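Survey of secondary and tertiary structure
Take a look at the letters that make up each chain.
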Amino acid sequence: MTDQTYQPTLSQLRAFVAIAEYRHFGTAAARLNVSQPTLSQALAALEHGLGLQLIERSTRRVLVTAAGMRLLPQAMATLEAADRFLASATGDGLGGTLRMGIIPTAAPYILPSLLPALRRKLPALVPQVVEDQTARLLEGLRTGVLDVAVLALPTEASGLVEIPLYTEEFVLVLPREHELAGRTDIEPAALDALPMLLLDEGHCLRDQTLELCRSADAHPATVGDTRAASLATVVQCVAGGLGITLIPEMAVAAETGRGTLDTARFAAPAPGRTLGVVFRASTARADDYAYLAEIIRTQRPA
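A few points on the structure.

Reading the values: the criteria
Residues numbered from 1 in each chain as written. Predicted model: local features only at pLDDT ≥ 70, side-chain atom pairs only at ≥ 80, totals over all residues. Heavy atoms only, no water. Axes fitted to C-alpha atoms, helices over the stretch in contact; angles between N-to-C directions. Helix = DSSP H or I, 4+ residues; strand = E, 2+ residues; numbered from the N terminus. Parallel < 35°, antiparallel > 145°, perpendicular 65-115°, else oblique. Left-handed = near helix turned anticlockwise from the far one by under 90°. Contact = heavy atoms within 4.5 Å. Nonpolar A, V, L, I, M, F, W, Y, C, P; charged D, E, K, R; others polar. Salt bridge = Lys/Arg side-chain N within 4 Å of Asp/Glu carboxyl O. Buried < 20%, exposed > 50% of the residue type's maximum accessible area, 1.4 Å probe, protein only. Lys, Arg positive; Asp, Glu negative; His and termini not counted. Arc of directions from axis to C-beta. Phe/Tyr/Trp six-rings, centres within 6.5 Å; stacked < 30°, edge-to-face > 60°. Lys NZ or Arg CZ within 6 Å of the ring centre and 35° of its normal. Expected span 1.5 Å × (residues − 1). Bend = angle between axes of the 7 residues up to and from the residue. Disulfide = S-S within 2.5 Å. Polar contact = N/O pair within 3.5 Å; in protein donor to acceptor, adjacent residues only side chain to side chain.

Interhelical geometry of helix α5 (residues 107-121) versus helix α10 (residues 286-298) gives an angle of 130° and a closest axis separation of 10 Å. The orientation of α5 with respect to α10, classified from their angle, is oblique. Seen along the crossing, α5 lies across α10 with a hand that is right-handed. Of α10, the residues touching α5 (which contributes L114, A117, L118 and K121) are Y291, L292, I295 and I296. Its residues assigned to classes, the contact of α5 with α10 comprises 7 nonpolar, no polar and 1 charged.

Looking now at the pattern of salt bridges. Under the defined criterion, the tally for this structure stands at 11 salt bridges. Across the pair R31 and D132 runs a salt bridge, and its minimum N-O distance is 3.1 Å. Placement of the pair is R31 in helix α2 (residues 25-32) and D132 in the loop between β4 (125-131) and α6 (134-143), with a sequence separation of 101 residues. Exposure remark for R31: the relative accessible area of 30% places this residue in the partly exposed category. Overall, D132 belongs to the buried group, its relative accessible area being 8%. What emerges from the salt-bridge pattern is a single network uniting R31, D132 and R136.

Now for the side chain of E21. Relative to the assigned elements, E21 resides in helix α1 (residues 10-22). The buried charged residue E21 lacks any salt bridge partner; its closest oppositely charged side chain belongs to R31, at an N-O distance of 6.7 Å.

Let's shift gears to α2. Turning to α2, its buried residues are F25, A28 and A29. Burial along α2 is one-sided: seen end-on, the buried residues are contained in an arc of 100°. Check the buried side of α2 and you find it contacts α1, α3 (36-50), β1 (55-57) and β2 (62-64). Phi for N33, located one or two positions after α2, is positive at around 60°.

Here the focus is the packing of aromatic side chains. Taken as a whole and judged by the stated rule, the model has 1 aromatic pair. When the centroid spacing of 5.2 Å and the interplanar angle of 55° are considered together, the rings of F279 and Y289 count as tilted. With F279 in strand β11 (residues 272-280) and Y289 in helix α10, this residue pair connects regions lying 10 residues apart in the sequence. As far as the burial class goes, F279 and Y289 line up, both buried. Its end group placed over the ring of F25, R57 keeps NZ or CZ at 3.9 Å from the ring centre.

It is worth spelling out unusual backbone geometry at this point. Cis geometry is found at the peptide bond from L153 to P154, where omega equals -5°. Along the chain, P154 falls in the loop between β5 (148-153) and β6 (160-175). Omega for the bond connecting A268 with P269 falls within 30 degrees of zero, at -5°, which places this linkage in the cis form. Its place among the elements puts P269 in the loop between β10 (261-265) and β11. The backbone of N33 sits at a positive phi, close to 60°, despite the residue not being glycine.

In this section: α5. Taking 1.5 Å per residue, 15 residues should reach 21 Å; α5 reaches 20 Å between its end C-alpha atoms and fits that length. The axis of α5 is deflected most strongly, by about 30°, at S113, and proline P116 appears within four residues downstream. Burial in α5 covers these residues: A107, Y109, I110, L111, L114, A117 and L118.

Take the state of the cysteines next. One pass over the full model with this rule turns up 0 disulfides. Summary of cysteine pairing: C213 is not part of a disulfide, and the nearest cysteine sulfur, belonging to C204, is at 15 Å. The closest cysteine sulfur to the non-disulfide-bonded C237 is located on C213, 18 Å from its own sulfur. Take C237: its relative accessible area is 18%, and that puts it in the buried class.

Our next topic: the side chain of D132. A distance of 3.1 Å separates the side chain of D132 from the side chain of R31, its partner in a polar contact. Within the structure, the side chain of D132 is placed 2.7 Å from the side chain of R136, a separation counted as a polar contact. Aside from chain neighbours lying at most four places away, what touches D132 is R31, I102, I103, P104 and L137.

In structure tokens:
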């Protein structure tokens, strides 16, 4: 039975929401920048005060109970309201903590110029960056663990607002002196039978590459079980002669500047991707996030 005098704290609600999203206590604690015992204590205090079990934990998995699923949207709404209150108190809609997700194929190339720009333009803002794959970032937005995310559009996710930032071309990265090196008239069909190196499953760039090949009826050769979690690793595999790969324009300078690789470009209209800022449609901070999108747009990597 719920203690009628009990008032949950924001820390307890954040612990519950984070555990519900990540289904892992260690990951949730890391995301909230607290210790795992502190996270567990916050959840236990919330459950005790409510007289309800919200999370079911065994040695193998973490589940959200029926009561937890029923209360989760209200916990998220409460946290959003608290964040809006704090933002209003600062006199600046973009003050305080901003939990921002970014996909791994954009984060290393956007952040070097974006973070200094945010310090200059929004000195009261405290960004918390979460680099993760698209599906987990979308889940973080839906559950309130994230405020905004920079993703490849469209996400095809309901309940979210998408603000396009810019579109960039894909570029082929090749071993030195490859037969396609230096060309600017490549057609997607030319990828047929070439040894294509891909990022691991879950990365949107992997899906975009495969979709490009399907659209051109191209069937790249598989490269055994070679897969990578970052563009840097994929590009090093190309330099080592294991195959070719496709990367976004923003990554070309950083990943091919060592002088051991060549590139090739597609004929117009070249395939590419559109990056955008994504946030919940239910938020009252849409204007603030539109301003954030404008700052990110002006800091587009050269």
